[in-house]
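What the coordinates show
Each chain, written out:
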Amino acid sequence: QVQLTESGGGLVQAGGSLRLSCAVSGWRFNIYGMGWFRQAPGKEREFVAAIRWGGSSTYYADSVKGRFTISSDNAKNTVYLQMNSLKFEDTAVYYCAARRNSGYSWSNRRDYEYWGQGTQVTVSS
């Protein structure tokens, strides 16, 4: 079993920055990749970014390209999401997720087997 614990959320003004962290514990040796998703009130959970575990390949939603950066520190078993130039519409609960195989798409949340509890990001306009 894999456990994911997010941290780093909070309240920030538009144009500001936040860095989210996701600590990975438990049986992590079969992890293929990690992703970040977000869910705003009344909306579907949507893909934000993903990274190949142990590699450098990254993937982003169009809405965050050029503003957000996903990275990992395998020695610390942690995945990060650096969020810059935040906008009001980035307000959401952000979830970390892990997947055990390549699946069909990095953005398909059904391809991720493990999820964290989420961390709230609020951007004031």
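Residues numbered from 1 in each chain as written. Predicted model: local features only at pLDDT ≥ 70, side-chain atom pairs only at ≥ 80, totals over all residues. Heavy atoms only, no water.

Counting its secondary structure elements, the chain contains zero helices and 11 strands. For 125 residues, the compact-globule estimate of 2.2 N^0.38 gives 14 Å, and the chain sits close to it at 13 Å. Its C-alpha atoms give the chain principal-axis dimensions of roughly 40 × 30 × 25 Å. The buried share among the 125 residues of the chain stands at 43%. Counting only contacts in the chain whose residues sit at least 6 apart along the sequence, the fraction spanning at least 24 positions is 57%. On the chain, roughly 6400 Å² of surface is accessible, and the fraction owed to carbon and sulfur atoms is 46%. Side chains of the chain carry 14 positive and 9 negative charges; the gap between the two charge centres is 3 Å. (Helix = DSSP H or I, 4+ residues; strand = E, 2+ residues; numbered from the N terminus. Rg over C-alpha atoms; globule rule 2.2 N^0.38 Å. Buried < 20%, exposed > 50% of the residue type's maximum accessible area, 1.4 Å probe, protein only. Contact = heavy atoms within 4.5 Å. Areas by Shrake-Rupley, 256 points an atom, 1.4 Å probe, with all protein chains shown as cover. Lys, Arg positive; Asp, Glu negative; His and termini not counted. Charge placed at Lys NZ, Arg CZ, Asp CG, Glu CD.)

Let's shift gears to the nonpolar core. With 36 residues, the main nonpolar core has Leu4, Met34, Trp36, Leu81, Met83 and Tyr94 as its most contacted residues. Elements represented by at least two residues in this core include exactly β1 (2–7), β3 (18–26), β4 (33–39), β5 (46–52), β7 (68–73), β8 (78–83), β9 (92–99) and β11 (119–124). In contact with leucine 4, not counting residues within four places along its chain, are Cys22, Ala23, Val24, Met34, Cys96, Ala97, Ala98, Tyr114, Trp115, Gly116 and Gln117. (Core = buried A, V, L, I, M, F, W, Y, C linked by side-chain atoms within 4.5 Å.)

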